[in-house]
Amino acid sequence: MKKQILLFSVIVLILGCKPKYADFEDYPSFSTEWTEMKYSPQGTDFMLWAPTADAVKVNIYNEGIGGEMLKSVDMEKVDNGQWIAKVDEDLSGKFYTFNVCIGKKWLGDTPGVMAKAVGVNGKRAAILDMNSTDPEGWENDKRPVLKSFNDIILYEMHHRDFSIDSLSGIENKGKFLALTEEGTKNIYGQTTGLDHLKELGITHVHILPSYDYASVDETKLDIPQYNWGYDPQNYNVPDGSYSTNPYKPEVRIREFKQMVQSLHKAGIRVIMDVVYNHTFNTEHSNFELTVPGYFYRFNDDGTFANGSGCGNETASEREMVRRYIVESVKHWVKEYHVDGFRFDLMGIHDIETMKAVRTELDKIDPTLFIYGEGWAAAVPQYPEEKLAMKSNTYKMSGVAAFCDEFRDSLRGAWGNDHEGAFVIGKEGYEAGIMFGITGALPHPQLKDRIKDYPKAWAAQPSQMISYVSCHDDHCIGDRLRITDPEADAKQRMRLLKLAETAVLTSQGVPFIFTGDELMRDKKGVKNSYNSPDSINVIDWRLKKEHEDSYNYIKEMIALRKAHPAFRLGTAEKVYQHLEFINPKAKGVVAFRIKGKPEGEEWENIIVILNATAESVKVEVTEGLYKVVCYDGEISPEKGLKDVKGTILTAAPQSATIAYRQ
């Protein structure tokens, strides 16, 4: 309470007015549709939620940038903090901003907080009929079938990285439309782009932020610019830099829909990376220019809290902030047919908000997937036990989190770039590997018996994202080069295969960083958020150069999809069927999936992950075994060899997979 009183004192000082409400909980709310602009040829209705405003104007423009104002209309205050106005003429193709006055201070133009179409650089909202942006056949677009979250195989990509290579064969390089092109090939005649994704076999594309973000100037796209997009400006409209014409509001909307439509036709679902935890600007953000103070948390001294490390953190626990996040994701699902969301710094949001998101999306389609980073960049200004931190994942049914314990145990800790781990043969990381294999569950065989077994945080295996690298760190190719500098390219490929085998045989949801299947590198750059294309680009020649790596990972994906033993689906089934084998050697993890669970064709599947430089022998139940993966080779259909007896041999620095015939 002291913090809020101090905050209101700051607002009084800045704006020269008395606060209208003593507490954020006192702010009025509304339950009707949160739409700031409704267009028809007969007239356009405007609405802005600005409960602390003394006056509000809506300004109409001909252009999305520059040009003089056509007219300014005073808005009328109505119930629940809403301001409304109507212009009885056809405004199609025009642009608008709101301007809020508090006390005697006009805060400045903003497109509002819920703009769904904007002009270039997102400074003015656009007036259009959203139905006019639907591509041909949009009404028939359907999500690919998904029976279980455990059937998901995620593929994280950045639009520009994936298609900007001059040798990609893609025409719309760096654009939404790149993912609509079929038949694209590299100089060796191998598939690229959309066909590559189909060929690889992933089920979901996770696209880095594609809403309107602030750090790329859309008026200067002829000049090379790069950013990941974690700089939110307008949350509910696609970014113009990925469209073929950022000046025309309808183009970015239609092309985003075309991308989704094309991916759906290819059997691939679309995950949006969303960043509701902070905004690019603070004092001049759309939130602050509309309802100062309400959308953010504050420190005890009245300064903006900074759990995001980006200058601010949003206050998801407040009624209208929570509702804003829920309404926003629903908009992307309904208008753009998006299939799920990855929440950036999810640990800044409160648990109840994430549960509300899950509840509302379940009403639309319970197969929509939600996951995020179960941490923050700094300590948020909200009680930890109420935050959507990784440790609280078990409290959020249907919400998953990244498993950094598994990642760090595979390739080394995030905080020490030169420290390797299991895959380069270091001992002492076996417990973290087993933890990841179970899906971050409190496996009864391990939790009380294995030293250093991490504290479980998932209630179901589908709540754990299994990965070895992602965009905001070294890709696995660079990490191996740094942590094992004496290894040559051939040996690094062996280690990459070993790491990805662990990811794809985990009971969690596997996640592949774009280009890892090609053994890409980023020239050793870790935080490449604004590095040039030369650092971030996917070089499609690597598909030929590292064809062995690509084919191996493609076959591992096919193996996982064909065999339900690797995606059992529930904690109870994991406890019943997944059993770890004591390999009697350090640097080795071995496990058995007993019986033929969930309609499995193979019986008693054995997986051995051998990170040592020597062959190891592992005792198994007596029988005749078909070996389908051995020494960096894989052949799920025909198998590689038969082994009879009680011993399976695992080759050095590789995975062995076999089943009893």
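How two aromatic rings sit relative to each other is set out by the distance from centre to centre and by the angle between their planes. Tallying each qualifying case throughout the model produces 42 aromatic pairs. Ring centres of Phe-46 and Tyr-96 lie 5.1 Å apart, and the angle between their planes is 65 degrees; this geometry places the pair in the edge-to-face category. On the criterion of sequence distance, the pair formed by Phe-46 in strand β2 (residues 43–49) and Tyr-96 in strand β7 (residues 95–102) is long-range, its members being 50 residues apart. On the basis of relative accessibility, which here comes to 2%, the residue Phe-46 falls in the buried class. For Tyr-96, a relative accessible area of 2% translates into the label buried. Between Phe-256 and Tyr-336, the aromatic rings sit 5.2 Å apart at their centres with planes inclined by 80 degrees, giving edge-to-face as the arrangement.

Turning our attention to the environment of Glu-601. With respect to the helices and strands, the residue Glu-601 is situated in the loop between β21 (588–593) and β22 (603–610). We classify Glu-601 as exposed; its relative accessible area is 63%. Along the sequence, Glu-601 and Tyr-659 sit 58 residues apart, while their C-alpha atoms lie 9.8 Å from each other.

This paragraph deals with the pattern of salt bridges. Taken as a whole and assessed by the stated rule, the structure comprises 44 salt bridges. Linking Asp-54 and Lys-20 is a salt bridge whose minimum nitrogen-to-oxygen distance equals 2.7 Å. Placement of the pair is Asp-54 in the loop between β2 and β3 (55–61) and Lys-20 in the loop between α1 (2–15) and β1 (37–40), with a sequence separation of 34 residues. For Arg-322, the salt bridge is made with Asp-350, and the minimal N-O distance between the two is 2.5 Å. Pair noted here: Arg-322 is in helix α5 (residues 319–336) and Asp-350 is in the loop between β15 (340–343) and α6 (351–364), with a separation of 28 residues, a long-range link. A relative accessible area of 2% places Asp-350 in the buried class.

Scoring rules and cut-offs
Residues numbered from 1 in each chain as written. Predicted model: local features only at pLDDT ≥ 70, side-chain atom pairs only at ≥ 80, totals over all residues. Heavy atoms only, no water. Phe/Tyr/Trp six-rings, centres within 6.5 Å; stacked < 30°, edge-to-face > 60°. Helix = DSSP H or I, 4+ residues; strand = E, 2+ residues; numbered from the N terminus. Buried < 20%, exposed > 50% of the residue type's maximum accessible area, 1.4 Å probe, protein only. Salt bridge = Lys/Arg side-chain N within 4 Å of Asp/Glu carboxyl O.

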